[in-house]
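Coordinates in review
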Amino acid sequence: MENMQYAEELVREFLTFRGFTSTLRAFESELSTDIGRSFQVDKILELIFSQYIPKYQADKLISLLSFFKQCLFSSLDSVLISTLSKLELSILRFYIVHALNSGRKDKVVEFFGVNGNYLLQKREDWLPWFVIPYLKNPSLDPQFRVYFSKEWFDALFLSFRNFLKKITVKRLKNDIKQLNQKLSELQALLETREAEILRLSSTSSFTLATPIHQGESSTGDLSSEIASKDNTTDPRKRNLLESTIASSSHQGEEKLGANGESLGSNSESQWSSSLKSGPASSSMQRFGGDAEARNAYQISQSERKQDSLREDEFPEVKVDFQETFLGHTSPISRCRFSASGTNIASASVDGTVRIWTYDSSTPSSRNATIYCGAEIMSLDWECRSDRLLLIGTADGGIKAWNADAKRVVCDLSTTKEFPSVLDLKCSPVEPIFVSAAASRRHGSSKLEQVGFASLTVWNMKTWKAMTVLPLGEDPPAITSLSFNHNGKILAASATDGMIHMFDMSAGLQITGWPAHDSAIFEWSLHNQGQILWSRDCSRFCNPESLKKCWHEIALDSNGRRLLVTSGSVRSPIYQVQGHMNGLRTLPHSAGITSVDWHPTLPMFITGSADHSVRVTSIL
């Protein structure tokens, strides 16, 4: 059906070449009401139930149903093919019932005579029906009575209508997929052209600033070549040149540091290993006197400089399939896979949560829209039953939504002093969850608007607070939580760059350390303070994006790929602890505000400020 227009052109060419002008005119006339191309559900229903069946045009009815089968076979959709086969059986049975109700047994006998061989391909379904024209009162026969009832016809009509609408939706999704692919190619081309323009403009400006030389990356080579081209042999003049170049180079480094929201700036755009955290002091102050940690950091910095590609030069991911959800009407604040990966919960800043599925073969019985009345700041699925969704809001609310019952089963509230529920995390073992709430203060960005932290442990059987985890006096806000595999240890990251570790059985903090202020780090839990891997993603975290949402990172089920939110239309996917270059996601039309990985499959979701949520399965 995707090549319908091309096929029509071939038919026109054939009819014109053979001189079949009358047929060509009839063909053009029929195209204006072509049911296969425009796929108008009501017209198809009218054609079947108001024309083919009442006028006993069985050959055209079977031909039309065969046409739909061919279209579905070309798409290799086994579920729809099976459904159509069952509907075809019922529609042909209704043809027989209608003929008998109209007193036209001759049409029934004719139907079986012409199509008997075709029907006997499904012998078990049709064999009893060959006797129906010879029964005196088939409508009273227990075997056929149900087919003569109005309820059965209404159910058939509604089922076929829903089936046709599902085909329409599938075709639209395929069209959207093709358009998204084309859009991605065009955006990639646009980014390439913009990068070339930027490179040419920067080269041009450097040439104007230093007309003696075209400009090189190494300051040493630059000073040598300037001296060589100027035939400068005076040591004082040569030293002056080198001093000027070194000074310019250091100024450039300072500028880059400021643009990267580091070196003492109030950066809220970088978060710690598998957790989000905020700014701390400089890297040397951060590690204090720990020589081992400093060396590890310097080694990781050196490795990072040796990467062959920058993040904006990463190749695009190779996509197996991609689905885009367009049900939201404002920027996405959170999106999460359920524990089984079959459902997705996505939230937007207008206080709306939607539960949906990305696979047409998955039942949509859990699909729902939840109106919370306040901005959604956190989401988490209860991972033991995959049934409960926890929702944290900006007005101190914590809702527990039962996805099977489609209702809120509990509505909790934090204390008035800590109204912003920044994160929620369910234990993988126990029926408990932890909320990270924060006080409020005035500010222009998300980070500046949160104050002190409060960590509360809640019982999911009684829906009551159990304990408050100790954080010390006036602790900075906690932005992200994570349990270990058995739920005995909780890690929490704070806006001051600290990582806190809690023993959940004792309800006490067992350790903590200042993490970082700019890069993403993977830390060793066996050797505290040891950095295993790091990357600097500051170029993706622009300050404007933080005015609307927090930045997030997500690690895949194998612990090998790290997905990061981005102020750009694409997000980087880093290869953890590897020397391979990373990948880039396909672009949205605005910044990427939330990310998550499927619990078992190589599949991720990205929520965007363009109001869309996208599910991407990668090869």
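- The chain goes by WD repeat-containing protein 91 in an unreviewed UniProt entry, where it is assigned to Ananas comosus.

**Focus: the overall build of the chain**
- Within the chain one finds 15 helices and 26 strands.
- The buried share of the chain, reckoned over its 619 residues, is 46%.

**Notes on the side chain of Lys399**
- Mapped onto the fold, Lys399 is located in strand E8 (residues 397-402).
- A distance of 2.9 Å separates a polar atom in the side chain of Lys399 from a polar atom in the side chain of Asp411.

**Notes on the side chain of Thr606**
- Position of Thr606 relative to the elements: it lies in strand E25 (residues 603-608).
- Note on Thr606: relative accessible area 2%, which makes it buried.
- A polar atom in the side chain of Thr606 sits 2.8 Å from the side chain of His588.
- Beyond its immediate stretch of four places on either side in the chain, Thr606 contacts Cys335, Leu563, His588, Ile592, Ser594, Val595, Ser612, Val613 and Arg614.

**Quick word on the sheet that holds strand E1 (residues 319-325)**
- The sheet built from four strands is open, its strands ordered E1-E26-E25-E24 with antiparallel pairing. Strand pairing shows two members of the sheet lacking a second neighbour, E1 and strand E24 (592-597), which therefore form its edges. Strand-to-strand, the axes of this sheet are offset by a mean angle of 20°, without reference to chain direction.
- Inspection of the sheet shows E1 paired to strand E26 (residues 613-618) by six bridges, in the antiparallel sense. Directly across from Gln322, in E26, lies its bridge partner Thr616.

**Brief notes about the pairing of strand E7 (residues 388-393)**
- For E7, a buried count of six out of six residues is recorded, marking the element as mostly surrounded by other parts of the structure.
- Every second residue of E7 is oriented toward a common face, with Leu388, Leu390 and Gly392 on one face and Leu389, Ile391 and Thr393 on the other, all of them buried.
- Judged from the five bridges that link them, strand E6 (residues 376-381) and E7 form a sheet pairing that is antiparallel. Directly across from Ile376, in E7, lies its bridge partner Thr393.
- Between E6 and E7, which pair antiparallel one after the other, the connecting turn spans six residues, and Asp386 there sits at a positive phi close to 60°.
- The pairing of E7 with E8 spans five bridges and is antiparallel.

**Some points on the sheet that holds strand E5 (residues 368-371)**
- The strand order E2-E3-E4-E5 describes an open sheet built from four strands, whose pairing is antiparallel. Each having just a single partner strand, strand E2 (332-337) and E5 make up the two edges of the open sheet. The mean inter-strand angle of the sheet, taken between neighbouring strand axes irrespective of direction, is 15°.
- Pairing between strand E3 (residues 344-348) and strand E4 (residues 352-356): four bridges, direction antiparallel. By the bridge assignment for E4, Ser346 is matched with Arg354.

**What to know about the pairing of E26**
- Counting buried residues along E26, six of its six residues qualify, which places the element largely inside the surrounding structure.
- Residue alternation in E26 divides its side chains into two sets, Val613, Val615 and Ser617 and Arg614, Thr616 and Ile618, and both sets are buried.
- Bridging between E25 and E26 involves five bridges; their strand directions are antiparallel. Pairing of Thr606 across the sheet is with Arg614, part of E26.

**Re the environment of Leu92**
- Of note, Leu92 is situated in helix H6 (residues 78-101).
- For Leu92, a relative accessible area of 2% puts it in the buried group.
- C-alpha of Leu92 to C-alpha of Phe111: the two residues are 19 residues apart in sequence and 9.7 Å apart in space.
- Beyond its immediate stretch of four places on either side in the chain, Leu92 contacts Leu61, Ile62, Phe111, Leu119 and Trp126.

**Section: the packing of aromatic side chains**
- A full pass over the atoms with the stated rule returns 22 aromatic pairs.
- On the numbers, 6.3 Å between centres and 65° between planes, the contact of Phe14 with Phe20 is edge-to-face.
- On the basis of relative accessibility, which here comes to 43%, the residue Phe14 falls in the partly exposed class.
- Between Phe112 and Phe130 the ring centres are 4.6 Å apart and the planes differ by 35°, which places this aromatic pair in the tilted class. Here Phe130 lies in the loop between helix H8 (123-126) and helix H9 (150-209) and Phe112 lies in helix H7 (residues 105-119), a separation of 18 residues in the sequence.
- Given a relative accessible area of 24%, Phe130 falls into the partly exposed group.
- Among the aromatic side chains, those forming a connected cluster through ring pairs are Tyr56, Tyr95, Phe111, Phe112, Trp126, Trp129, Phe130, Phe144, Tyr147 and Trp152.
- If you follow Arg93 out to its NZ or CZ, it ends over the ring of Trp126, 5.7 Å from the centre.

**Thoughts on H7**
- Its 15 residues give H7 an end-to-end C-alpha distance of only 18 Å, which falls more than 12% under 21 Å, the value for a rise of 1.5 Å per residue.
- At Gly113, H7 is deflected by roughly 45°, the largest bend along its length.
- The complete set of buried residues in H7 reads Lys107, Val108, Phe111, Phe112, Asn115, Gly116 and Leu119.

**Considering the environment of Phe521**
- Here Phe521 lies in strand E18 (residues 520-523).
- When the C-alpha atoms of Phe521 and Ser534 are compared, they prove to be 4.3 Å apart, with 13 residues separating the residues in sequence.

**Regarding the environment of Ser454**
- One can find Ser454 in strand E12 (residues 450-459).
- Relative accessible area serves as the criterion here: at 13%, Ser454 is assigned to the buried category.
- Distance in space between the C-alpha atoms of Ser454 and Ser439 is 8.4 Å, their sequence separation being 15 residues.
- Residues within four places of Ser454 in sequence aside, it is in contact with Phe418, Ser435, Ala436, Ala437, Val468 and Leu471.

**With respect to the UniProt feature "repeat: WD" (unreviewed entry) in the chain**
- The residues that UniProt annotates with the feature "repeat: WD" (unreviewed entry) are residues 325-366 and 585-619.
- Helix makes up 0% of residues 585-619 and strand makes up 51%, while its end C-alpha atoms are separated by 13 Å.

**Section: the pattern of salt bridges**
- In total, this model carries 13 salt bridges according to the counting rule given.
- For Arg384, the salt bridge goes to Glu382, with nearest N and O atoms at 3.0 Å.
- Residues participating in the shared-partner salt-bridge network are Arg334, Arg336 and Glu552.

About the criteria used
- Residues numbered from 1 in each chain as written.
- Predicted model: local features only at pLDDT ≥ 70, side-chain atom pairs only at ≥ 80, totals over all residues.
- Heavy atoms only, no water.
- Helix = DSSP H or I, 4+ residues; strand = E, 2+ residues; numbered from the N terminus.
- Buried < 20%, exposed > 50% of the residue type's maximum accessible area, 1.4 Å probe, protein only.
- Polar contact = N/O pair within 3.5 Å; in protein donor to acceptor, adjacent residues only side chain to side chain.
- Contact = heavy atoms within 4.5 Å.
- Pairing = 2+ DSSP bridges.
- Axes fitted to C-alpha atoms, helices over the stretch in contact; angles between N-to-C directions.
- Phe/Tyr/Trp six-rings, centres within 6.5 Å; stacked < 30°, edge-to-face > 60°.
- Lys NZ or Arg CZ within 6 Å of the ring centre and 35° of its normal.
- Expected span 1.5 Å × (residues − 1).
- Bend = angle between axes of the 7 residues up to and from the residue.
- UniProt positions renumbered as here; feature names shortened; annotations may be inferred.
- Salt bridge = Lys/Arg side-chain N within 4 Å of Asp/Glu carboxyl O.

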